[in-house]
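Next come the chains, spelled out residue by residue.
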Amino acid sequence: MKRHMQATELARDERFVRISTEERFNDPRQVPREPGSKRRPGPQLRPERHEAPDAARAMMHAIFTGEIQALEGAGRTCWDFEVGADSPFELKLDMARQCWDEARHCEISVKLGDHMGTEVGEYAENVVLFEAACNPDPVLRLTGVNRALEGLAIDVFNTMREYGQATADPVLEFCEDWMLADEVTHVKMGSDWLRRLTENDPERRARALEFQRVVDKLFSAGGFRGDEDDSPVKLARRFRELAGFTPAEVEEISQLSRQARAEADAAVR
Amino acid sequence: MAAVVVTPEAFTLVQFDAGRIAELVAEVAGRVGLPADVEVRVEIDERVPLGRSRLTSLDPITIAVQGGAFENAKVPRTLSDRSVVDVVGRLLFRAVDRLDPAFADAPADEALTLPQHTAWDAYAVGRCERVGYAPSKPRRLYHFRNRHGFTDTADRVFERLWSADGLTWADLDAACAETAATRP
Amino acid sequence: MADPKKPRPAFAPWDRRELPGAFTVEESARRVGHYKWVEMRLFEALGGWVATVPELDVKMRLGTHTYKHAWHAELWHKRLPELREMNPERLTQPANDDVVAFFDAMTEPEAPGETIEKLVGVYRVLIPHKIAAYTYHLNNTSQITDAPTIRSLRHALDDEFEDWRDGEMLIQSLIDTEEEVERAAAHQAQLEAILVRGGGIAGKGSIG
Ligand SMILES: [Fe+2]
Ligand SMILES: [Fe+2]
């Protein structure tokens, strides 16, 4: 088995169909209905919306495929790097632990899919999480995946948990709360390793944080995740701080999201 | 066979085939029991990837959908026969009901509460299954529980509506009252 | 209640643990170093394979098993300094070149159609050898002086038995035809031969 595989090589059964990030972001239907009107960043997961249950199902399926890729990404980090100064033994142990956690998240997601009436592979899969997990530098990999994407997972799980609370769905709320606990641990792993491995290498730390910014901005997706009243997925500030983000870092993501949204608004004007 | 008019006739943002949609809708119209000479209009807003769908008129019977309602979620922007049949079957059964005097008291769609909508949907989609389609029952149950509570009562009422025939508006309204009484 | 001042034997009559054992401190440390090396190669391979197997149930199981072997590696890593090996890396070694060749051959399958080979290598060859090597150590080392190793061996063995059963059931669920039976058997024989040459995961002179 070779080291460092590509996202295109991910093995899936025939139920799964893939959609590229370009295809997703270039969907021409994202234009507003009335030319010149201020676009909305996407529908919020509010129970009073007619389509809210289907929106929750779609979001849960996206979480599910994200969990598969998080599992695969952590697994590849166990395999791709020899133990050394760049990837210490303890880092690999953390990644193996994450494999177990993400495998459990896959199991939870499949059960939740059953609960929500969703079939495995019902929605297209985007593999951007695994793409970030292909970075050849383990520090950048952990920063992009554990801090940026799993940080996003915290925001998404929190949104789903609130939806579960609002609809008095005990299963959804229970599952999201447990997964949220694990994700906080994973983000913290990313934060800890970033600090430890770049302690004496400010240039590498800067590159890692830049990679995180790129991923964070990509996933603020025109304001999809942000701090505004109508952001579909809200920044989960409290959980992010538990996970080792400083208030300034959370503020920066909020800023990036506002910027991504402003750029998307400008593009349709 | 029902006369079906699909607008637009050609799509530019999605790969939908109006002819195929008309064919599917005509077949559904027949199976739900609409008269052969009825006209069914389907208006699709292809610019919106979301999945809202509504019955906007009974004369002629008009269904308005956002493009996402008909798409194949596995391959975005392509048509899914199953999605078309799911949405149209559910709404045409509602049209059939509304044309029946037993539903004369039903409020207009805009005035229905979310529990009333989902109760009616459960009743409609259960019948879709019995006329030979394969809608997802677990999906409908999830919708129903979202609006009627994650309770044994809600599940029992859902099962009853799903397998029912010949209900009246009063029956649906009573079902909603029954679940409301046990909602936490 | 008995008189609290009355002398009692240090070993209760039912405690039959024996002092003598087959392994010196050095010998136990050497074996533990081999175990750590093997557990590391195993968790790395399982982690790497997760992305290459299309079967969802296998993918999730491998993810779970990855952690268990990493945890065993950590147990052995922590045991080494207790066995007077202050530089654990020095003893984190394969028993010999044949063991290295075995892991190279075991981790060769990569394609999505080779799940049977991947699972056979781990669950029909390596894990049975690990169970044998760990049991050999467990049953031969001093029950008193090497108790910390025994405790870790027991924890690891619990996992090995459970994972072996998981893996064997997955293999049986994937094998449908006589050709697949032969495929599995041929791969098993090829890997087994390499490991036999090396004398098992702990090297020549013991079982496993
Ligand atoms: Fe996860
Ligand atoms: Fe995670």
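Residues numbered from 1 in each chain as written. Chains lettered and ligands numbered in written order. Predicted model: local features only at pLDDT ≥ 70, side-chain atom pairs only at ≥ 80, totals over all residues. Heavy atoms only, no water.

**Quick look at the confidence of the model for chain C**
Alright, step 1. Here chain C averages 96 in pLDDT, while 100% of its residues score no lower than 70.
Alright, step 2. Prediction confidence for the complex, expressed as pTM and ipTM, is 0.94 and 0.95 respectively. (pLDDT = per-residue confidence, 0-100.)

**Focus on the coordination of the iron ion (ligand 2)**
Residue and element names in this part refer to chain A.
Alright, step 1. Coordination of the iron ion (ligand 2) by the protein involves Glu102 (OE), Glu150 (OE), Glu183 (OE) and His186 (ND1), with metal-donor separations of 1.8 to 2.2 Å.
Alright, step 2. Every donor counted, the four donor atoms about the iron ion (ligand 2) form angles of 73 to 160° at the centre, which fits irregular coordination.
Alright, step 3. Considered as a linear motif, the donors of the iron ion (ligand 2) on their single chain read E-x47-E-x32-E-x2-H.
Alright, step 4. By relative accessible area, which is 0% here, Glu102 ends up buried. (Donors = N, O, S within 2.8 Å, 3.2 Å for Na, K, Ca; no water. Tetrahedral: all angles 85-135°; square planar, octahedral: opposite > 155°, others 65-115°. Buried < 20%, exposed > 50% of the residue type's maximum accessible area, 1.4 Å probe, protein only.)

**Concerning the coordination of the iron ion (ligand 1)**
Residues and elements named next belong to chain A.
Alright, step 1. Listed as protein donors to the iron ion (ligand 1) are Glu67 (OE), Glu102 (OE), His105 (ND1) and Glu183 (OE); their distances from the metal cover 2.0 to 2.2 Å.
Alright, step 2. Bound by four donor atoms, the iron ion (ligand 1) shows angles of 84 to 138° at the metal and therefore irregular coordination geometry.
Alright, step 3. Counting gaps between the donor residues of the iron ion (ligand 1) yields the pattern E-x34-E-x2-H-x77-E.
Alright, step 4. Separating the iron ion (ligand 1) from the iron ion (ligand 2) is a gap of 3.2 Å, bridged by Glu102, which donates to each. Of this pair, Glu102 and His105 both sit in helix α3 (residues 89–116), three residues apart, which is roughly one turn of the helix. The burial state of Glu102 is the same as that of His105; both residues are buried. (Helix = DSSP H or I, 4+ residues; strand = E, 2+ residues; numbered from the N terminus.)

**A closer look at the pattern of salt bridges**
Alright, step 1. The final tally for this structure, using the stated rule, is 68 salt bridges over all chains.
Alright, step 2. With its nearest N and O atoms 2.9 Å apart, the salt bridge here joins Arg12 of chain A to Glu125 of chain A. Here the residue Arg12 of chain A occupies a position in the segment before α1 (21–25), and Glu125 of chain A occupies one in the loop between α3 and α4 (128–132), the gap between them amounting to 113 residues. In this pair, the class of Arg12 of chain A matches that of Glu125 of chain A, namely buried.
Alright, step 3. Across the salt bridge formed by Arg31 of chain B and Glu27 of chain B, the nearest N and O atoms sit 2.8 Å from each other. Of this pair, Arg31 of chain B and Glu27 of chain B both sit in helix α1 (residues 18–32), four residues apart, which is roughly one turn of that helix.
Alright, step 4. Classification of Arg31 of chain B by relative accessible area gives partly exposed; the value is 35%.
Alright, step 5. By relative accessible area, which is 33% here, Glu27 of chain B ends up partly exposed.
Alright, step 6. Because the salt bridges share partners, they merge into one network encompassing Arg90, Arg94, Arg98, Asp109, Asp121 and Arg140 of chain B. (Salt bridge = Lys/Arg side-chain N within 4 Å of Asp/Glu carboxyl O.)

**Quick look at the side chain of Glu72 of chain A**
Alright, step 1. Secondary-structure assignment places Glu72 of chain A in helix α2 (residues 52–80).
Alright, step 2. Side-chain polar atoms of Glu72 of chain A contact the side chain of Arg12 of chain A, separated by 2.7 Å.
Alright, step 3. Among residues more than four places away in sequence, those in contact with Glu72 of chain A are Leu10, Ala11, Arg12 and Phe130 of chain A together with Val50, Ala51 and Lys59 of chain C. (Polar contact = N/O pair within 3.5 Å; in protein donor to acceptor, adjacent residues only side chain to side chain. Contact = heavy atoms within 4.5 Å.)

**Section: empty space enclosed by the protein**
Alright, step 1. Per the counting criterion, the structure on display carries four cavities of 30 Å³ or more.
Alright, step 2. Taken together, Arg57, Met60, His61, Phe64, Ser109, Val110, Gly113, Asp114, Thr118, Glu119 and Val120 of chain A form the lining of the largest cavity.
Alright, step 3. Elements supplying a minimum of two residues to the lining of the largest cavity: α2 and α3 of chain A.
Alright, step 4. Residues that form the lining of the largest cavity fall into these classes: four nonpolar, four polar and three charged.
Alright, step 5. The space that makes up the second largest cavity amounts to roughly 60 Å³.
Alright, step 6. Lining the second largest cavity, in full, are Val85, Asp86, Val125, Cys128, Tyr133, Pro135, Ser136, Arg139 and Arg140 of chain B. (1 Å grid on protein atoms, 1.4 Å probe; cavity = no way out; pocket = protein on both sides within 12 Å on 5 of 7 lines; lining within 4 Å. Points joined across faces, edges and corners; volume = space filled by probe spheres on them. Nonpolar A, V, L, I, M, F, W, Y, C, P; charged D, E, K, R; others polar.)

**Considering the interface of chain C and chain A**
Alright, step 1. Between chain C and chain A, the residue contacts involve 30 residues of the former and 32 residues of the latter.
Alright, step 2. Taken together, the two surfaces of chain C and chain A that pack against each other cover about 2,400 Å², and 72% of this comes from carbon and sulfur.
Alright, step 3. Together, Leu56, Met60 and Tyr67 of chain C form the three largest contributors to the area buried by chain C at its contact with chain A, with a combined 23%.
Alright, step 4. Here Glu44 of chain C makes a salt bridge to Lys92 of chain A, at a shortest N to O gap of 2.8 Å.
Alright, step 5. Scanning the region where chain C abuts chain A turns up 10 residue pairs in polar contact (both at pLDDT 80 or more).
Alright, step 6. Contributing elements (two or more residues each) for the side of chain C that touches chain A: α1 (25–50) and α2 (56–82) of chain C.
Alright, step 7. No other element matches the 12 residues that α2 of chain C contributes to the side of chain C that touches chain A. (Buried area = accessible area lost by both parts, 1.4 Å probe.)

**Overview of the pairing of strand β2 (residues 39–45) of chain B**
Residues and elements named next belong to chain B.
Alright, step 1. As defined by bridge partners, strand β1 (residues 3–7) adjoins β2 across five bridges and the pair is classed as parallel. Bridging across to β2, Thr7 finds its partner in Glu43.
Alright, step 2. With respect to chirality, the unit in which β1 leads through α1 into the neighbouring parallel β2 is left-handed.
Alright, step 3. Inspection of the sheet shows β2 paired to strand β4 (residues 61–66) by six bridges, in the parallel sense. Note that in β4 the partner of Glu43 across the bridge is Ala64. (Pairing = 2+ DSSP bridges. Right-handed = clockwise from strand over helix to strand, strands pointing away.)

**Concerning the sheet that holds β4 of chain B**
Residue and element names in this part refer to chain B.
Alright, step 1. Taking strand neighbours across the sheet as the criterion, the four strands line up as β1-β2-β4-β3 in an open arrangement whose pairing is mixed. Two strands bound the open sheet, and with one partner strand each, they are β1 and β3 (53–58). On average, each strand axis in the sheet is tilted by 20° relative to the strand beside it, whichever way the strands run.
Alright, step 2. Where β3 and β4 come together, five bridges link them in antiparallel fashion. Residue pairing for β4: Leu58 is matched across the bridge by Ile61. (Axes fitted to C-alpha atoms, helices over the stretch in contact; angles between N-to-C directions.)

**Brief notes about the packing of aromatic side chains**
Each aromatic ring pair is specified by the distance between its two centres and by the angle formed by the two planes.
Alright, step 1. A complete count under the given rule lists 15 aromatic pairs over all chains for this structure.
Alright, step 2. Judged by centre distance (6.4 Å) and plane angle (50°), the ring pair of Phe23 of chain C and Tyr136 of chain C falls under tilted. Taken together, the positions of Phe23 of chain C in the segment before α1 and Tyr136 of chain C in helix α5 (residues 115–140) put the pair 113 residues apart, joining distant regions of the chain.
Alright, step 3. Overall, the relative accessible area of 14% leaves Phe23 of chain C in the buried class.
Alright, step 4. With centroids separated by 5.4 Å and ring planes inclined at 85°, the aromatic side chains of Phe102 of chain C and Phe103 of chain C adopt a geometry described as edge-to-face.
Alright, step 5. The class of Phe103 of chain C is buried, set by a relative accessible area of 3%.
Alright, step 6. Here the basic side chain of Arg3 of chain A rests over the ring of Trp79 of chain A, its NZ or CZ set 3.9 Å away from the ring centre. (Phe/Tyr/Trp six-rings, centres within 6.5 Å; stacked < 30°, edge-to-face > 60°. Lys NZ or Arg CZ within 6 Å of the ring centre and 35° of its normal.)

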